[in-house]
Amino acid sequence: MADQIPNMDYDADEVIENFKSKFKWPNKDEVEVVVKPPKLGLKIILSILITIIGGAAAYYIMFPAINPKSSEFYMFIFGIIVLFCAAFYLLIGAKTKIERQEYAKKQAKFPLILCGVLVLVIVVGYLTGATIFRAKAYSELMEVKSSDFTEDFEQINYDEVPRLDAATSKVLADQQLGYLGEYKSQYVVTENSTQINYKGRPVRVAYLEYADVFKWFNNTKNGLPAFMLIDLVSQNVQVVDCTEKFGEGIKYSPTELFNEKLLRHLRFQYPTALLDMPNFEIDDNARPYWITPVLDKTIGLFGGTDVKGVIITDALNGESEYYSIDVVKTDSSLNWIDVVYNENLVIQQYNFFGKLSGGFWNSLIFQNDVNVASNGSGNIALDDDVWVYTGITSTKSDTSNFGFILCNQRTKETRYYKNGGATEYSAVESAKDAVQNYGYQATFPILLDIEGQPTYFMSLFGEGYTIKGYALVNLDDKTLVGTGLLDVQKTDVKALNAAVENYIDALKDKGIVDKSADANDYKADETEDETKKDDSAEKTNSKEEATKKEETGGNTVTGEIEDIKTTVNDGNTVYYLKVGGKYYYIKAVDSMNVILLNKGDSVTITFEKDADNFVEATSVQ
């Protein structure tokens, strides 16, 4: 019987482990379960719809150029791919079910390949446009020609150069806006004014911006009602009422929202264009326009930025027209445009020319004939165009320039002048030192020719950005300084004349110019300044009397302008308006609104003494 009983001598744990080894379950990471989601076609369609809606919203907000030369275009495509993948991932339930995650991973291969191709295009695009490989092409973006300083600067009159820069111009514009009750609480003056030549005078034009989003809601229906015209010589500010002059306000501007926002408006009109920042300008009839440079990448896919054309947009109605850069340079009807190439672009292109003309490695190691633009730049009016001025210095920190360039902002014509001396900011410090007891600051210098000497001219201003005087600093020797202050001289012209007289005396004392040099050759007429001052006081203190005088009818004439002529006398632009067969003349500085008038406009002219042919006017309205 015992022989029939099985042997029970065994370990139960051993038996169980032996059993488990034969039937071991796989770990989670050792199994791949791929389950096709139900209603897959519907979920793909929904993912596409979500991507289209989200992509359209992103495009409306970002408005990138649909152009392979735009880096923003690739960022937009990456965003679209990520949006589609995220929508698909959530719709198939991959967030909560592991088997759906595996399916999503398998389907993500194509988007990943597409992203990889885009990354490869970007990398190749950057490498083919890298300066290390294309130094010669970068150095040829700008053609630079040597020119003669004395010959080119001879036509720039000392008393017609701009006395205001962008900062001081804005302060005057803010003050003028503050006088206008209907505007001051609703709008502010933009920081981005544009220097242009308007009817032979250097001016800045500045558009208005809504004070805040609530002011936008309150006023956007009618648009911005006006813009500011700041005469950089006379320092007069004119508020040009677009609603009154043109019958409508500025509807398209950078300060607008939604479809009237300028760059979005242009993007919908020109979806593939690479747009630079628009410049605000006016034509000869004072009608406001936006001048938007259209860029091209001329080296590789992303390098060699240059301008290939401009879009001219009517700021009032939004109508736009594209012109190639060759047309802008040659078509005389477009000569009113002043700023096509912005300062940053032309300085960047000159730096490529200065650093890379001898090759990439020379710019880093040997640095033979390597030079760059100095810190800072200014604008001067020459040949009825606006030119960027900047000094040229070595690549190392230096306090001296060995030359300077002028670059035409409409045509990109660039002239190099081999006149070495102090940098612009060194000259500024010399001018400030000369009046250190007053604590005045100085505007960025403008270069002039005084007695054959390259000379920095700058305005001096106090804490409130009000012009307090003028300074002249010699380019070659910054210790030669001449100043004239309004606190001492009492009038603007006398301060200007004192500066040039003191400067020429300093040149004589150093033996740089002959003793026969005469400051009177550069001085402005001081009697005109006194007349202007007296007229201004009379207008301020005798308003009622002037009004009565106009109502008598004996000293006013009203009618349409039959003809307009201009002359420049002693640095002042004089306008001749033909009304009723006679010419009535007045200086622009005495009646700034005269520069906005056109043939056919109706005007009321006030005068004191009548004459047969030419009558001197006291005001024009």
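As a starting point, this report considers the structure included with it. (Residues numbered from 1 in each chain as written. Predicted model: local features only at pLDDT ≥ 70, side-chain atom pairs only at ≥ 80, totals over all residues. Heavy atoms only, no water.)

**Describing the layout of surface pockets**
Space left empty within the atom packing is revealed by a probe, the size of a water molecule, rolled over the atoms.
Inference 1: One number sums up the size of the second largest pocket: a volume of about 760 Å³.
Inference 2: For the second largest pocket, the lining is made up of 34 residues, of which Ser193, Thr194, Gln195, Arg204 and Glu343 are closest to its centre.
Inference 3: Of all the secondary-structure elements, those providing two or more residues to the lining of the second largest pocket are β3 (194-198), β4 (201-210), β8 (279-282), β9 (288-299), α14 (343-356) and β13 (378-382).
Inference 4: Each residue belonging to the lining of the second largest pocket can be placed in one class, and the counts come to 16 nonpolar, 12 polar and 6 charged. (1 Å grid on protein atoms, 1.4 Å probe; cavity = no way out; pocket = protein on both sides within 12 Å on 5 of 7 lines; lining within 4 Å. Points joined across faces, edges and corners; volume = space filled by probe spheres on them. Helix = DSSP H or I, 4+ residues; strand = E, 2+ residues; numbered from the N terminus. Nonpolar A, V, L, I, M, F, W, Y, C, P; charged D, E, K, R; others polar.)

**Regarding the environment of Ile50**
Inference 1: You can see Ile50 is positioned in helix α2 (residues 40-62).
Inference 2: Classification of Ile50 as partly exposed rests on a relative accessible area of 38%.
Inference 3: Taking the C-alpha atoms as reference points, Ile50 and Ala87, 37 residues apart in sequence, are found 7.0 Å from one another.
Inference 4: The residues touching Ile50, leaving out its near neighbours within four places in the chain, are Leu83, Ala87 and Leu91. (Buried < 20%, exposed > 50% of the residue type's maximum accessible area, 1.4 Å probe, protein only. Contact = heavy atoms within 4.5 Å.)

**Quick word on α2**
Inference 1: The terminal C-alpha atoms of α2 lie 32 Å apart, and with 23 residues this matches the ideal 33 Å at 1.5 Å per residue to within 8%.
Inference 2: Of all the residues in α2, the buried ones are Leu40, Lys43, Ser47, Thr51, Gly55 and Tyr59.
Inference 3: One or two positions beyond α2, positive phi appears at Phe63, with a value near 35°. (Expected span 1.5 Å × (residues − 1).)

**Quick word on the packing of aromatic side chains**
Inference 1: Applying the stated rule across the entire model yields 31 aromatic pairs.
Inference 2: Site record: aromatic cluster; members linked through ring pairs are Phe149, Phe153, Tyr389, Phe404 and Tyr417.
Inference 3: Stacked on the ring of Tyr60, the Lys or Arg Arg264 has its end atom at 4.3 Å from the ring centre.
Inference 4: Above the face of the Phe246 ring, Arg287 is positioned so that its terminal group lies 5.4 Å from the ring centre. (Phe/Tyr/Trp six-rings, centres within 6.5 Å; stacked < 30°, edge-to-face > 60°. Lys NZ or Arg CZ within 6 Å of the ring centre and 35° of its normal.)

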